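Coordinate analysis (summary)
One letter stands for each residue in the lines below.
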Amino acid sequence: QAKERGKAQSIAFEDEMRVWPVTPLDLDSDLRRALERDEMRLHYQPIIDMRSGKLAGFEALMRWYHAERGEISPVEFIPVAEETGSIFTLSQWALRTAATQITEWNKARPATEQLEISVNLSGRQFARPDAVSGIIDCLDGVGLPANLLKIEITESTLMEDVDRSTEMLDRLKAADIKICVDDFGTGYSSLSYLHTFPIDTLKIDKSFIQDMTSNYQNLEIVRTITMLGQNLRLDVIAEGVETSEQLAQLRALDCHYAQGFLFSRPIGADQVAAFLAEDKSW
Ligand code: C2E
Ligand code: MG
Ligand code: MG
Ligand code: MG
């Protein structure tokens, strides 16, 4: 690592225009301080029920506003946090923040229109024996009903260790927490396992949605996943919906839920009130 840095340093001195390389090591020490420096935020992206055209809930997505480097994408810092263990503190914070927020927003809504909150759980957390009890403790602390929390786990994480996944999912299910398979279609899941896992929702990866109107194969994949969900009695969410053509095709396939820039980008907590007040339908 020191050798790598030495090399990077000499390159940086040779070429003034070169951007200082961001190494995982650099990011990690800053990640450890990010919460106390108040650099972390959650953004919330609406999930739409396409049958009613109404808001069903939000997915919470982490944002890091680094004091010197500006915004750093979760695609960049989540893997570092996983590798170094910062993910545990960060995700505890994220879960507590998201659960507290949705509880507050739900207070102003009728019992029949309570919103769900989806929170991503990374592979490393999912491997921890105390992951589920940590989630339950958080729900109890905040007072959010378990059935309004949906945990998103990627298909690849689920398939890493099928026995462990089954055990973890059973415990989440026993606590009445909902389970969503994220980035569905990009991992290698066996349909027989899919059937035995107690999951509620399949979220079709955005790569399939994004060119489904121009790429016939992707349209067929989306159709197949939607039908699979219907046959297994699972909800299906299309992620990454950006155009009204995509929306029309998804409706024609009777895909139940959708999420994407077409409806809204992920927005800060301070923007959510205005979004809710608009009470839009699609
Ligand atoms: P993900 O869970 O699959 O989240 C969906 C990603 O797609 C988000 O990127 C979201 O902003 C983006 N997205 C939503 N709609 C559209 C669209 O219409 N077009 C396009 N191009 N993109 C769209 P984001 O926020 O950058 O997050 C990336 C990934 O980072 C997430 O993928 C998730 O794997 C991870 N992540 C984010 N927050 C957390 C967190 O709190 N915990 C964990 N463990 N992972 C997180
Ligand atoms: Mg997700
Ligand atoms: Mg996804
Ligand atoms: Mg992803």
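As recorded in an unreviewed UniProt entry, the protein chain goes by the name EAL domain-containing protein, listed as coming from Nisaea acidiphila.

1. Considering the site of ligand 1
With respect to spatial proximity, 21 residues lie near ligand 1, and among them Arg63, Asn120, Asp182, Glu242 and Phe261 are the closest. Contact distances for ligand 1 include 3.1 Å between a nitrogen atom and a side-chain N or O atom of Gln45. With respect to ligand 1, the backbone of Met62 contributes an N or O atom lying 3.1 Å from a nitrogen atom. With the chains in place, 85% of the 800 Å² that ligand 1 exposes on its own is no longer accessible. Here ligand 1 is seated within the largest pocket. Going through the elements one at a time, strand E2 (54-66), helix H3 (74-84), strand E6 (178-184) and helix H10 (206-210) are the ones with two or more residues in the shell around ligand 1. Looking at the shell around ligand 1, the element that brings in the most residues is E2, giving four residues. Of the residues that constitute the shell around ligand 1, the class distribution is eight nonpolar, six polar and seven charged.

2. Quick word on the coordination of the magnesium ion (ligand 2)
Geometry reference: four tetrahedral donors at a metal, ideal angle 109.5 degrees. Six octahedral donors, ideal angles 90 or 180 degrees. Only Glu59 (OE), Asn120 (OD1), Glu152 (OE) and Asp182 (OD) from the protein reach the magnesium ion (ligand 2) as donors, at distances of 2.0 to 2.2 Å. Taken in sequence order, the residues that donate to the magnesium ion (ligand 2) follow the motif E-x60-N-x31-E-x29-D. Here the magnesium ion (ligand 2) and the magnesium ion (ligand 3) are spaced 4.3 Å apart, linked through Asp182, which binds each one. Of this pair, Glu59 sits in strand E2 while Asn120 sits in strand E4 (residues 116-120), and the two are 61 residues apart along the sequence.

3. Digging into the nonpolar core
Residues Phe58, Ile117 and Leu149 are the most contacted members of the largest nonpolar core, which totals 78 residues. By residue number, the principal contributor to this core is helix H4 (residues 86-107), which donates ten residues.

4. What about the side chain of Glu39?
Checked against the element boundaries, Glu39 lands in the loop between helix H2 (24-34) and strand E1 (40-49). Ignoring anything within four residues of it in the chain, the contact list for Glu39 reads Ala34, Arg63, Trp64, Tyr65, His66 and Ala67.

5. A few points about helix H11 (residues 216-231)
In an α-helix there are 3.6 residues to a turn, and that puts residues three or four apart on one side. Taking 1.5 Å as the rise per residue, H11 with 16 residues should run 22 Å; its terminal C-alpha atoms sit 22 Å apart, in good agreement. Considered for burial, the residues of H11 that qualify are Asn218, Leu219, Val222, Ile225, Thr226 and Gly229. Along the long axis of H11, the arc covered by the buried residues comes to 130 degrees, so they all point the same way. In H11, the exposed positions angled more than 90 degrees off the buried face are occupied by Tyr216, Gln217 and Asn231. For H11, the side-chain oxygen to backbone nitrogen distance between the N-cap and Gln217 is 2.9 Å, and the N-cap itself is Asn215.

Criteria and thresholds
Residues numbered from 1 in each chain as written. Chains lettered and ligands numbered in written order. Predicted model: local features only at pLDDT ≥ 70, side-chain atom pairs only at ≥ 80, totals over all residues. Heavy atoms only, no water. Near = heavy atom within 4 Å. Polar contact = N/O pair within 3.5 Å; in protein donor to acceptor, adjacent residues only side chain to side chain. Areas by Shrake-Rupley, 256 points an atom, 1.4 Å probe, with all protein chains shown as cover. 1 Å grid on protein atoms, 1.4 Å probe; cavity = no way out; pocket = protein on both sides within 12 Å on 5 of 7 lines; lining within 4 Å. Sits in = over half its atoms within 2 Å of the grid points. Helix = DSSP H or I, 4+ residues; strand = E, 2+ residues; numbered from the N terminus. Nonpolar A, V, L, I, M, F, W, Y, C, P; charged D, E, K, R; others polar. Donors = N, O, S within 2.8 Å, 3.2 Å for Na, K, Ca; no water. Core = buried A, V, L, I, M, F, W, Y, C linked by side-chain atoms within 4.5 Å. Buried < 20%, exposed > 50% of the residue type's maximum accessible area, 1.4 Å probe, protein only. Contact = heavy atoms within 4.5 Å. Expected span 1.5 Å × (residues − 1). Arc of directions from axis to C-beta.

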